[in-house]
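# Topology and contacts: notes
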Amino acid sequence: LSVSEEDAGFEYFFNALKENSSIRKLWLSTQQGPISESCGLALSQLLKGNKAITHLFLGDLQSSNTGGTLVHAAAESLHENDTLMVLTLDFNTPDDENILGKFADSLAANKTLLELQMRRVNGHLGVESLAETLSSKNTTLMELILQENGMTQEDGDILVESLDENHSLLHFHLYGNNMSHDATEKAAAICRRNEMTLKRKIAKAVVDGGMAPWNRSKLMVIGQGRAGKTATVRALQGQSFVPDLESTIGASLTETHIRIEGAKWNEPRKDSGHNYAVDLAARFLQLSSKVNLKDVERDERTSETNPISDSSGRQSGRSAVFGVTIESGESRGEPAQANGTAGNSTASNKPVIKFSGLDDDNPFKHDLLIRSRTDKDALRFSIWDYGGQKVFYTLHHLFLTRFGVYLLIFNMNELLLKTEESVDYLKFWLNSKKIHAPSAPLFLAGTFLDKLESKDDIATVNSILAKLVAEFMFVRNESDGLYFFPLSNQDDTGVGLLRSEIEHVTRRQEYVNRAVSLQWMQCLDSMLTRAKEMDVSWLKLQSVRKLGKEAGIKSLSEIDVMLELFHELGVLVHLTATANLKDIIVTNAQWLVDSISKVIRDGEIHRYSDKEEEEIENAGIMDDVNRLFKNALASRDLFDYFWDRDAVEFLLDLMRRTLLMGDWKFGNEKDLYLIPSMLTDVDPNGWSNTQLDEKKLYQCWFEPSIGFLPIGVFERLICLAIAHSANTFDSTENIKEPILRKNFNRVWFGPDCEVILESKHGSDSQADMIMMSLDNPERAQRVFTVIVSMLQKVTADFTVNSFDWNIFVDSDAESRERIPLRVARKKKTKPWFSEKKKTQELIPDMANVNLGSFLDSL
């Protein structure tokens, strides 16, 4: 802002800002014109009442009247202001040489200002008052800059002497004044003393298991392809509308930081590095008043040989953290150490904690404390924008978690014009969310508001949704009296309301406000740093346990719970369905999604760019690519081309163990893999269902007890079926190759037993189901047992909330009468049951058992 002969602009601006709730930083500078007392009064009233402004810069106010009016207003306001954190008064010339005395009085009363910069204010009186305040009255100021203010040697001595009793200042600059270098060096030495004390306090908090709220959640954006999901994410983050955004492949991950409730969401700085522990420690310091800085050194000496322990003398672990009880000793099948801990630490040997960012060569940055105070109510999101094409759905379920908020996006025009198809998509996502995170908040948002022909269309959309969402939990749009939030990402209509409601609901979630251990954050920092140093995107569990021990975590089960939380919040990926999966922690989730999405992608929408296809052609693997999209078979050469050489074995193993693909052991070519989610409805060999009409088949039906078939269950069943099929032949010479389509598959469990597996989409009167047919009644009991075991394993290992199956069998191959399994068992219905031979018992529960062991058991 600049003023000329009148200062009406300043005064009007100050008065307007009284209602401000989002502007945090205010920078005012002018070199012209006088500032009236009424303008200074307006600034003073603004600072006294405003609860948003945390940083104020008043600079280059060269007129003594100008500088004096505004500087006096700033000083006066500090008596009552409890929001301002940083105040800069540079190059001002107030006509009051006692300006330091006025600020001394204000600082004595103020408990929130952390940084005060006063360069060239030409005020050197009031030094004694300021010294008294710094010595005993103010305990919060962390940086004080008094450069080039005409201070004398005596002034410097008085100020430096007062700092002996000050334990908060980390930066105190007196350069440019008329005093010796010794004075400035003494001030710097005292600040270093305070910094080391602060470091010890933080280290003590880590050792003692200090905790503070992380204020973090995960926003999962789901919905049909081309519905405007990515555009909505951009709008929520305050980014401009881009009309021709490319469709998301797999998933896109971003971070957002909401500093003030109701403000736009910001992406964190790309160069911020891994400082989760220091950030949380700064918040801990702002929330904690248990340890006085003066007493830290004494407390450290007395606690050196007395770590926290239970009555048995063992180190005690935290219990019931995030709903899971943490044991002090062993963890899921792993032996405890002799002293009941995860390492060699004992009650008499305090662990050496490596707290990155707080070593002697890496000083604690006081701006982190400023930010922690400024951001005390800040909320962080990991935003997962999921690709909407069906081919990605099998992949998505690995990343749909309980701790988070779901945002289901749909195109209102599509819902109006293609109602049945759009409702199917919405129902699919509503069901998917229900099975993976039944209690997580869900928002529905309709896009392309600007394309609707009339306002009545909104009411029509609402009535369609009213019938659809009745059985689901979701957040209503109470402001507009709707079941959903209508949006126009082009002009931001409705975006502010949606943003505000998501934030409001998220802040109320219990896990957001629950305290998290500083040791966990230190371990997370170490994990991310270690992966970066090794130039990898994953770590072994044993390595993480070692880093956890270095961070002071003593219980193996606590590390399990820590990793579970990080996975649930989308910070990393840790799958625990089997021991082999549990052994890997993916530290870069975007890398994992991108890698898998190079081979699991929509062949029409996301095939490859012209440049990529040219490179593929030059590499000599175009035939491999064509086979992938036609037959869903991927060669090892394809993976070697798309993935980093050092990551190929890891990713192949991960995709096998998550049943995203299976080894294809049919035919003469080696190193082929089936990816069931890439199967199409068209059989590449021209085979038709009508060829089965003349065959006598025995059938059974598997209906999920939850009323719908979660995506990925049938695809994973096919992976297990082809693996078992290959194992049922004595040699590769007479092995029968499966005939596979997206929802209809023929496999052979031995040369004399053809098994047909079908996935059938239900209707309002009929549930989704998997149907099994076979032609050999002598093998019916055994095949039935195998398929049931496979379904049990898939649902137990790969759905968050496992479910049962309602099973029916036919009474005979002619009538196709469906009989509930319990009735068939009682009646000994053939061929499923026999009076002469005891029914094959189900294979023991193999949930969480490694894939190889499970297949061997069949």
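Reference entry: report on the structure contained in this document.

### With respect to the overall build of the chain
Looking only at helices and strands, one finds 30 helices and 26 strands in the chain. A burial count over the chain gives 56% of its 858 residues as buried. Across the chain, contacts joining residues at least 24 apart in sequence account for 77% of those joining residues at least 6 apart.

### Things to note about empty space enclosed by the protein
In the structure shown here, the tally under the stated rule is ten cavities of 30 Å³ or more. Counted as a void, the largest cavity has a volume near 80 Å³. Lining of the largest cavity is provided by 13 residues; of these, Gln224, Ile409, Phe410, Asn411 and Leu426 occupy positions nearest its centre. For the lining of the largest cavity, the elements supplying multiple residues, two or more each, are β11 (405-411), α13 (412-417) and α14 (419-436). Looking at the lining of the largest cavity residue by residue, the class counts come to eight nonpolar, four polar and one charged.

### Focus: the sheet that holds strand β13 (residues 485-486)
Strand order in this open sheet of six strands is β9-β10-β8-β11-β12-β13, and the pairing throughout is mixed. Only two strands of the sheet have a single neighbouring strand rather than two, namely β9 (251-258) and β13. Pairing geometry for β11 and strand β12 (residues 442-447), over six bridges, is parallel. From the neighbouring strand, Asn411 faces β12, where its bridge partner is Thr447.

### Some details on helix α5 (residues 127-137)
Those residues of α5 that fall on the buried side of the exposure criterion are Val127, Leu130, Ala131, Thr133 and Leu134. In a view along the axis of α5, the buried residues occupy a sector of 160°, so they form one face of it. Buried-residue contacts for α5 involve α4 (99-109), β5 (143-145) and α6 (153-162).

### Overview of unusual backbone geometry
The omega torsion of the bond from Lys830 to Pro831 falls at 0°, within 30 degrees of zero and hence cis. Within the secondary structure, Pro831 is located in the loop between α29 (821-827) and α30 (851-857).

### A short note on the sheet that holds strand β1 (residues 25-29)
The strand order across the open sheet built from six strands is β1-β2-β3-β4-β5-β6, with neighbouring strands paired in parallel fashion. The sheet terminates laterally at β1 and β6 (171-173), the two strands that pair on one side only. Averaged over all neighbouring strand pairs, the angle between strand axes comes to 5°, with direction disregarded. In this sheet, strand β4 (residues 115-117) lies alongside strand β3 (residues 86-90) in parallel orientation, the contact comprising three bridges. Residue pairing for β4: Val86 is matched across the bridge by Glu115.

### Digging into the environment of Arg741
Assignment of secondary structure puts Arg741 in the loop between β21 (739-740) and β22 (744-748). We classify Arg741 as buried; its relative accessible area is 12%. Sequence spacing of Arg741 and Asn631 is 110 residues, and the spatial spacing of their C-alpha atoms is 8.7 Å. A polar contact is formed between the side chain of Arg741 and the backbone oxygen of Asp681, at a distance of 3.3 Å.

### A short note on the packing of aromatic side chains
Counting across every chain of the model gives 25 aromatic pairs. Judged by centre distance (5.8 Å) and plane angle (50°), the rings of Phe443 and Phe485 are tilted. With a gap of 42 residues between them, Phe443 in strand β12 and Phe485 in strand β13 connect regions that are remote in the sequence. On the basis of relative accessible area, Phe485 is assigned to the buried category, the value being 1%.

### Structural notes on the nonpolar core
The biggest cluster of nonpolar side chains holds 135 residues, and the ones touching the most others in it are Ile675, Phe702, Met772 and Trp832. At ten residues, helix α28 (residues 780-798) tops the list of elements feeding residues into this core. Once residues within four sequence positions are removed from consideration, Ile675 is found in contact with Val599, Ile600, Leu628, Ala632, Ala634, Phe639, Met655, Leu660 and Met661.

Rules used in this analysis
Residues numbered from 1 in each chain as written. Predicted model: local features only at pLDDT ≥ 70, side-chain atom pairs only at ≥ 80, totals over all residues. Heavy atoms only, no water. Helix = DSSP H or I, 4+ residues; strand = E, 2+ residues; numbered from the N terminus. Buried < 20%, exposed > 50% of the residue type's maximum accessible area, 1.4 Å probe, protein only. Contact = heavy atoms within 4.5 Å. 1 Å grid on protein atoms, 1.4 Å probe; cavity = no way out; pocket = protein on both sides within 12 Å on 5 of 7 lines; lining within 4 Å. Points joined across faces, edges and corners; volume = space filled by probe spheres on them. Nonpolar A, V, L, I, M, F, W, Y, C, P; charged D, E, K, R; others polar. Pairing = 2+ DSSP bridges. Arc of directions from axis to C-beta. Axes fitted to C-alpha atoms, helices over the stretch in contact; angles between N-to-C directions. Polar contact = N/O pair within 3.5 Å; in protein donor to acceptor, adjacent residues only side chain to side chain. Phe/Tyr/Trp six-rings, centres within 6.5 Å; stacked < 30°, edge-to-face > 60°. Core = buried A, V, L, I, M, F, W, Y, C linked by side-chain atoms within 4.5 Å.

Purely geometric numbers; function is a separate question.
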